[in-house]
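# Descriptive structure summary
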Amino acid sequence: MKQNEDKTPRDEEQKIHDAAVAAGVESIDVDPEENTEAEAEAQETAAGEKLAEELADARAQIEKEKKEYLFLMAEFDNYRKRVVREKADLVKNAGEKVLNGLLPIVDDFERGLEASRTTESADAVREGMELIYNKLVKYLETNGVKAMDSTGGDFDADLHEAIATVPAPEAGQKGKVLDTVQKGYMLNDKVLRHAKVVVGE
């Protein structure tokens, strides 16, 4: 009895193993801990493969976005260069239309000068000059250039340049433009040239 109590579970396992070998059956040790470790390794491998796949997808997406970004940068750079070139051409040739419109007026002046050499009538020369002047003023107006009507109006520092102040003949003329020495001109809503005026004080 004492001898049976001295036997350990390991001895029992060995005994079963020996009997299985004697019977021609291969011994299969099923260790629950080993089974759990195998499952854990399989799960880790699957998780690692999934992470590797996600990483590959992320890299592919980054590469795609990088190519799109470089394409957009190149496109923007081409656009910027085109705009700079067009702006330079515009600045260079901005006056072409205006100057082209002035050429017929220059032709009129040349014809007037030629005619003044053969005529002794000052009135005819004056009339010719007035016609050319009116043509020039009309051309300027069609291009948005208009003369300011300053004399008699209030002095405005945004429009006028006071070159002299004189005592006002009447009390109501204080701060008024009494005389225009040089006309001012507006280009649309912008001052092209300030009028040089005499102001009453």
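Residues numbered from 1 in each chain as written. Predicted model: local features only at pLDDT ≥ 70, side-chain atom pairs only at ≥ 80, totals over all residues. Heavy atoms only, no water.

## Let's talk about the environment of methionine 186
Mapping methionine 186 onto the fold places it in strand β4 (residues 185–187). A relative accessible area of 19% means that methionine 186 is categorised as buried. Distance from methionine 186 to leucine 159, taken between C-alpha atoms, is 9.0 Å for residues 27 residues apart in sequence. If near-sequence neighbours (up to four positions away) are discounted, methionine 186 is found in contact with Gly144, Val145, Lys146, Met148, Leu159, Val191 and Leu192. (Helix = DSSP H or I, 4+ residues; strand = E, 2+ residues; numbered from the N terminus. Buried < 20%, exposed > 50% of the residue type's maximum accessible area, 1.4 Å probe, protein only. Contact = heavy atoms within 4.5 Å.)

## With respect to a negative patch on the surface
On the surface, Glu49, Glu53, Glu54 and Asp57 cluster together into a patch of negative charge. Note on placement: glutamate 53 falls in helix α3 (residues 32–93). Of the residues examined, glutamate 53 reaches a relative accessible area of 53% and is grouped as exposed. (Patch = residues over 30% accessible without salt bridge, like charges linked within 9 Å, V, L, I, M, F, W, Y side chains within 5 Å. Areas by Shrake-Rupley, 256 points an atom, 1.4 Å probe, with all protein chains shown as cover. Salt bridge = Lys/Arg side-chain N within 4 Å of Asp/Glu carboxyl O. Lys, Arg positive; Asp, Glu negative; His and termini not counted. Charge placed at Lys NZ, Arg CZ, Asp CG, Glu CD.)

## With respect to the sheet that holds strand β5 (residues 190–193)
Spatial strand order, β1-β4-β5: three strands in an open sheet with antiparallel pairing. Lying at the two open borders of the sheet, with one neighbouring strand each, are β1 (145–147) and β5. Averaged over all pairs of adjacent strands, the angle between their axes in this sheet comes to 35°, without regard to strand direction. Across three bridges, the pairing between β4 and β5 is antiparallel. Note that in β5 the partner of methionine 186 across the bridge is valine 191. (Pairing = 2+ DSSP bridges. Axes fitted to C-alpha atoms, helices over the stretch in contact; angles between N-to-C directions.)

## Topic: the nonpolar core
One finds Met148, Val177, Met186, Ala195, Val197 and Val199 forming the largest nonpolar core, which totals six residues. For this core, the element with the highest residue contribution is strand β6 (residues 195–200), accounting for three residues. (Core = buried A, V, L, I, M, F, W, Y, C linked by side-chain atoms within 4.5 Å.)

## Comments concerning a nonpolar patch on the surface
Among the surface-exposed residues, Tyr69, Leu70 and Met73 lie close enough to one another that they form a single nonpolar patch of about 330 Å² accessible area. With respect to the secondary-structure elements, methionine 73 resides in helix α3.

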